[in-house]
Amino acid sequence: MTKVSSELAARMKAMEGFNAGACFHCGTCSALCPLGYKILPRKLFRQVMLGLEDEVRTNIPAIFSCLLCRMCEVNCPQGVHIAENIRALRSLINRQEFGLQ
Amino acid sequence: MTEERRIGVYVCHCGGNISDYVDVKEVAETLAGEANVEVASTHLFACSDASQQEMIEQIREKNLDGLVIASCSPKLHMFTFRAMAERAGLNPYEYVHVNLREQCSWVHKGDRPGATAKGVNLVRAGVAKAALTHPLTPLRIETQPRVLVIGAGAAGMRAALALADMGLSVYIIERESEPGGWTAKVGRMGPDNRSGPEVAANLFERIREHQHIALFTDAELTAKSGHIGDFQVTVRLRGEEDLSLNVGAIIVATGFEPYRPRAGEYGFGLPGVVTLQEFRRMLEACEGPLTHNGRPVRDVGFVYCVGSRQEEGEDCPEPNAHCSRFCCMATSFSASLLHEVERKSNQTINQYHLYRDVRTYGRLETVYTQARADGALYLRWDPASPPRVEPRDDRLAVTVKDTLLGDEELEIGADLVVLATGMVPRQNDSLNDILKIPKSKDGFYNEIHIKLRPVETAIDGVCIAGTAQGPKNLAESVASALAAVARTGALLKKGFVNLEPLVAKIDTGRCVWCGECFNACPYGAIEKIHIGEKEVAMAIESSCKGEGGCVPVCPRDAIVIEGYRDDQIMAMIDASLEEAVPA
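Residues numbered from 1 in each chain as written. Chains lettered and ligands numbered in written order. Predicted model: local features only at pLDDT ≥ 70, side-chain atom pairs only at ≥ 80, totals over all residues.

Visitor: Even after reading the chapter, I still don't get the overall build of chain A, so can you show me in this structure?
Guide: What chain A contains, in helices and strands, is seven helices and one strand. Its C-alpha radius of gyration of 13 Å places chain A within 12% of the 13 Å reference for a compact globule of 101 residues. With the C-alpha coordinates of chain A rotated into their principal frame, the extents come out at 30 × 25 × 25 Å. Expressed as a percentage of its 101 residues, the buried residues of chain A come to 34%. Intrachain contacts of chain A at a sequence separation of at least 6 include 68% that bridge at least 24 residues. (Helix = DSSP H or I, 4+ residues; strand = E, 2+ residues; numbered from the N terminus. Rg over C-alpha atoms; globule rule 2.2 N^0.38 Å. Buried ≥ 20, exposed ≤ 12 C-beta atoms within 10 Å, placed from the backbone. Contact = placed C-beta atoms within 7 Å.)

Here it is in C-alpha cells:
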C-alpha cells in the first residue's frame, strides 16, 4: 500500500511547464520510447501527480537516461509536453536530492 | 370447407434469395391443381411495381376472392401486399402472407428437394387459411385533440409546450407542489454551465402564458379507461378533489429517482461521505472556502458508477446493470465547479476521481478534458477490486487499486468522498397499476423498439418521454419528449385512427364469466358486461392487440382471434401434414 500525498504534486504544479493532467494513458509514449523504459513517461508522471515520492526516487536513473528525443511528445494525442515535464522533474530532483541549485 | 374459393397463389423468387434453394416453379405447379386454387404462378420480385400491377390485373380478370403470396417475412411486405389487394378490389384481410425466405430458403440452403417440399407444405397451409378468410373492416376511431402529460419536469413541460404549439390542448399534471422536477433542483449543468432552476423557470413561465395548457400541481392520476384516441382519465387534486378529463393520448414523463446507496456502500453513512446530489447542494451553498466539519476541505475523492453497472453479489441481489449516462459528465463538471471554488477562495483542493470508464460521449468530452486540464486526477479501478472508504483519524481513507499504475494499491486521505450516484426507476406502484406500461428488465418503462420506436409503448396512445424510459441527460430527455410529441401529434392531428380488426371475439352464449381471460390479458382489453341476468366477458376491440393470451385459458373455448381462428389454424395444420398423414 502506498500513501498518496499531494505535496510533491503541488511542488511540481508550481513549476513552470509541468503538465500531465491531460494524459489519458494510451501508452503511445511507452511504446515509442527508444530506450524501452516501461516507466517512461506515462507511469512516471502519474507517480509524480499522486505524490509517490519513493517510487519516483527509485526511478531516478530512468529519469536521467531519457534522451529528450521527443519521439513520444510529437505522437502524444493529448499534447502533453513530455520533454518539458522531464526537464522540470530533473530540476526538482537536482535541488531536492542532490542539493544542486 | 364450405364453398369453393377462387384463390390466387404467387410464389416469389426474391431474385434468387428463394429460388436458389427452393424450386419455386415446382411449388407453383404443385399448388396449381389443388382445391380452391384458381391460378398459381411465380414472380421474380413480387414486390416490384410491375409484378404488383400484373397480380392486380389477374385478380380483377379472374375475379379472385383470396390471395396467397409466398415471399419474404411478413414484417417486410405483408402491408405492401395488403395494400395491393385493396387496390385490386379485394379485402386486405383475405390476403395471406407465407414466409418462404426466412422460414424456408435461407435455413435450408443445402437441401433443395427438402426445401422445395417444405415450401409446398407452407404454401398449402397458406391456401388452407386463405380459404377460410372473410372480409374484415379496420376499426375507425375518432381521436380527441387533447393530451394528458404526466410529470411537469423538463421533459413533460417541453412536451406540453410543443403539443400546445401544434394546436392541441394539454393537461399537464405534477405530483409535487412545484413544477420543474430534478432540473429545478440540480444547480448548474454541464457542458454549457446553464442553471437548472433557470431552465425550469423558463419552461414554467412559457407554460403559464400558453392558453392551450392547463398545469395542475399536487395532482395524481387515479383512473384511466378508454382507448387510443379517446381516454377517460381521473386526476385527484390535493388528495381530495377529482377532476375528469377526456384526452386522445397520454405522455408519461414521470422521471427517475437518484440511487440511494446502501449503508456502508463505499462508506455511505460515514461523516463526509455524500452523494453527488448532496455535494452539488454543498457547492451551491458555498460562499468562500469549501469547509467540512469546520475545516477547509483539502482532498476530495469521487467514486464513479455508484448504483450503476452493478454486478450481482451477496450485498447486491438485484443489480442495476445499466449505465446512468449523465453521472460521468455531471461528476466531471462538478470538478470544474470545485476548481472554481478553489480559485475564488484561494484554497488548494486536490481531486481524485476514481472511475471505471469515463463515458463523457460526444460534446461532453470537453467537460472531462477541462477537468483534467485543471488538475483533477483520474484513477481507474476494476470492479473486481472496488475502492474502499474507511474512517481514518477524523478524516476518510480511500483505498483503490489504480489499474493505470499496474494495479498499485493506493491510499488517499480525503475530507470528503462524493459518490456519483446514478438513476433508478421511480417507485410509482399506483400509477403503474393504472397505466400498465410494460417495464424493461432494469425497471424503467419499456419502449416498443429501442431503435425504431423509442417513445411508443405497448399501450396504444400512450408514449413515454425523458428518464421514465431510462437514464438520460437533459438534452436527451428533451429530444425524447419531442419525439413523443411527434408521435402524439401524428395520431391526433389526423382526427381518426384505423385499428387492426384482428382482435378477440367472445361467444357470449358460451361464456360464463370465470375471469380467466380478464387475468390473462396484459392490455386490459377484457371487461365484464351483463346480458340480461348473465355476466359475460367482452373484448374491447380498440384495446385488444390480437395477442391471444385469452384463447387457451378459456375453459369454454368461447374466444377466437380474428385472422387466427381455431378452424383456420386446424386447417393449416391439416394441409401441411397432408402428405405425411394420408387422409
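Having seen the model, we can carry on.
Visitor: Explanation requested: the packing of helix 5 (residues 154–165) of chain B against helix 11 (residues 474–492) of chain B in the structure shown.
Guide: If you want to describe how two helices pack, look at the angle between their axes and the distance between the axes. Residue and element names in this part refer to chain B. Two elements in contact, helix 5 and helix 11, have axes separated by 8 Å at closest approach and are oriented at 35°. Regarding helix 5 and helix 11, the two cross each other, and that crossing is right-handed. Contacts between helix 5 and helix 11 involve Ala-154, Ala-155, Arg-158, Ala-159, Ala-162 and Leu-163 from the former and Leu-474, Ser-477, Val-478, Ser-480, Ala-481, Leu-482, Ala-484, Val-485, Thr-488 and Gly-489 from the latter. A class-by-class count of the residues in the contact of helix 5 with helix 11 yields eleven nonpolar, four polar and one charged. (Axes fitted to C-alpha atoms, helices over the stretch in contact; angles between N-to-C directions. Left-handed = near helix turned anticlockwise from the far one by under 90°. Nonpolar A, V, L, I, M, F, W, Y, C, P; charged D, E, K, R; others polar.)

Visitor: Help me understand the nonpolar core, please; the structure alone is not making it clear to me.
Guide: It is characteristic of soluble globular proteins that their nonpolar side chains tend to be buried jointly. Residues and elements named next belong to chain B. In this structure, Val-303, Tyr-304, Leu-354, Val-417, Val-418, Leu-419 and Ala-420 are the most contacted members of the largest nonpolar core, which totals 73 residues. Element by element, the count of residues in this core is highest for helix 8 (residues 327–344), at seven residues. Not counting residues up to four positions away in its chain, the partners in contact with Val-303 are Tyr-266, Leu-354, Pro-387, Val-417, Leu-419 and Ala-420. Core analysis: the second largest hydrophobic core is formed by 59 residues, Ala-154, Ala-160, Val-252 and Leu-435 among them. (Core = buried A, V, L, I, M, F, W, Y, C linked by C-beta atoms within 7 Å.)

Visitor: Which parts of the structure should I look at to understand the sheet that holds strand 4 (residues 95–99) of chain B?
Guide: In a beta sheet, neighbouring strands pair by backbone hydrogen bonds and run either parallel or antiparallel. All names here are of chain B. Reading across from one edge, 2-1-3-4 is the order of the four strands in this open sheet, with parallel pairing throughout. Of all strands in the sheet, those bounded by a partner on one side alone are strand 2 (37–43) and strand 4. Averaged over all pairs of adjacent strands, the angle between strand axes in this sheet comes to 15°, irrespective of strand direction. Here six bridges tie strand 1 (residues 7–12) to strand 2, and the two strands are oriented parallel to one another. Residue pairing in the sheet places Val-11 in a bridge with Thr-42 of strand 2. Along the sheet face, helix 2 (residues 49–61) touches strand 1, strand 2 and strand 3 (66–71) and points at about 165° away from the line of strand 1. (Pairing = 2+ DSSP bridges.)

Visitor: Help me out: how do you make sense of the sheet that holds strand 21 (residues 377–380) of chain B in this one?
Guide: Residues and elements named next belong to chain B. What the five strands build is an open sheet, ordered 16-25-19-20-21; its pairing is parallel. Looking along the sheet, the strands with just one partner apiece sit at the ends: strand 16 (273–275) and strand 21. Each adjacent strand pair in this sheet contributes to an overall mean axis angle of 25°, direction not counted. Pairing of strand 19 (residues 299–306) with strand 20 (residues 350–355) involves five bridges; the strand directions are parallel. For Gly-301, the partnering residue across the bridge sits in strand 20 and is Tyr-352.

Visitor: It is not clear to me how the domain arrangement of chain B should be interpreted in this structure. Could you clarify?
Guide: Reports of interface size often rely on the accessible area that becomes lost once the parts have come together. Segmentation of chain B into domains returns domain 1 (7–136 + 567–576), domain 2 (146–255 + 426–497), domain 3 (259–422) and domain 4 (500–562). Here domain 1 of chain B and domain 4 of chain B have C-alpha centroids that lie 32 Å from each other. (Domains from an automatic or database assignment.)

Visitor: What is the right way to look at the pairing of strand 12 (residues 230–237) of chain B in this model?
Guide: Both faces of the sheet carry side chains from a regular strand, because those side chains alternate between them. All names here are of chain B. Note that strand 11 (residues 219–227) and strand 12 share eight bridges and pair antiparallel. Counterpart to Gly-226 in the pairing with strand 12 is Phe-231. The hairpin formed by strand 11 and strand 12 contains two residues between the paired strands, and Gly-229 there has a positive phi angle of roughly 90°. Sheet topology places strand 12 next to strand 13 (residues 241–247); seven bridges connect them, and they run antiparallel. Its bridge partner being in strand 13, Arg-236 is matched across the sheet by Asp-242. The turn linking strand 12 back onto strand 13 is made up of three residues, and Arg-238 within it adopts a positive phi angle of 50°.

Visitor: Help me out: how do you make sense of the packing of helix 5 of chain B against helix 6 (residues 196–209) of chain B in this one?
Guide: Residues and elements named next belong to chain B. The interhelical angle for the contact between helix 5 and helix 6, taken along N-to-C directions, is 30°, at an axis separation of 10 Å. The handedness of the crossing between helix 5 and helix 6 is left-handed. Residue-level contacts link Ala-154, Met-157, Arg-158, Ala-160 and Leu-161 of helix 5 to Val-199, Ala-200, Leu-203, Phe-204, Arg-206 and Ile-207 of helix 6. Its residues placed into classes, the contact of helix 5 with helix 6 shows nine nonpolar, no polar and two charged.

Visitor: How should the confidence of the model for chain B be read in this particular structure?
Guide: Detailed reading of predicted coordinates is not advised where the pLDDT is low. Put simply, chain B has an average pLDDT of 94, and 99% of its residues get 70 or more. With a pTM of 0.80, the predicted complex shows an ipTM of 0.88. (pLDDT = per-residue confidence, 0-100.)

Visitor: What should I look at first to understand the confidence of the model for chain A in this one?
Guide: Across chain A, the average pLDDT comes to 85, with 97% of residues at or above 70. Across chain A, the element-wise mean pLDDT spans from 74 in helix 1 (residues 6–14) of chain A up to 92 in helix 6 (residues 71–75) of chain A.

Visitor: What's the story with the interface of chain A and chain B in this structure? I'm lost.
Guide: Listed per partner, the contact involves 14 residues of chain A and 14 residues of chain B. Only strand 1 (2–3), helix 1 and helix 3 (42–50) of chain A provide two or more residues apiece to the side of chain A that touches chain B. When residues in the side of chain A that touches chain B are grouped by element, the largest group, four residues, is from helix 3 of chain A. Broken down by class, the residue content of the side of chain A that touches chain B amounts to six nonpolar, four polar and four charged. Pairing analysis gives two bridges linking strand 1 of chain A to strand 24 (residues 408–414) of chain B, with the strands arranged parallel. Bridged to Lys-3 of chain A within strand 24 of chain B is Glu-411 of chain B.

Visitor: In this structure, what is going on with the environment of Met-329 of chain B? I would like to understand it.
Guide: Residues and elements named next belong to chain B. Note that Met-329 resides in helix 8. When the 24 C-beta atoms within 10 Å are taken as the criterion, Met-329 is described as buried. With 139 residues separating them along the chain, Met-329 and Gly-190 place their C-alpha atoms 7.0 Å apart. The contact partners of Met-329, leaving out residues within four places of it in the chain, are Gly-190, Thr-360, Leu-364, Val-367 and Asn-473.

Visitor: Would you explain helix 7 (residues 82–98) of chain A in this entry?
Guide: Residue and element names in this part refer to chain A. Taking 1.5 Å of rise per residue, the 17 residues of helix 7 would be expected to cover 24 Å, and the 23 Å separating its terminal C-alpha atoms lies within 8% of that figure. At its buried positions, helix 7 is contacted by helix 2 (28–32), helix 3, helix 5 (60–65) and helix 6. Looking one or two residues past helix 7, Gly-99 carries a phi angle of roughly 70°, positive in sign. (Expected span 1.5 Å × (residues − 1).)

Visitor: Which parts of the structure should I look at to understand the environment of Gly-110 of chain B?
Guide: Relative to the helices and strands, Gly-110 of chain B is located in the loop between strand 4 and helix 4 (112–130). In this structure, the C-alpha to C-alpha distance between Gly-110 of chain B and Glu-174 of chain B, residues 64 residues apart in sequence, is 61 Å.

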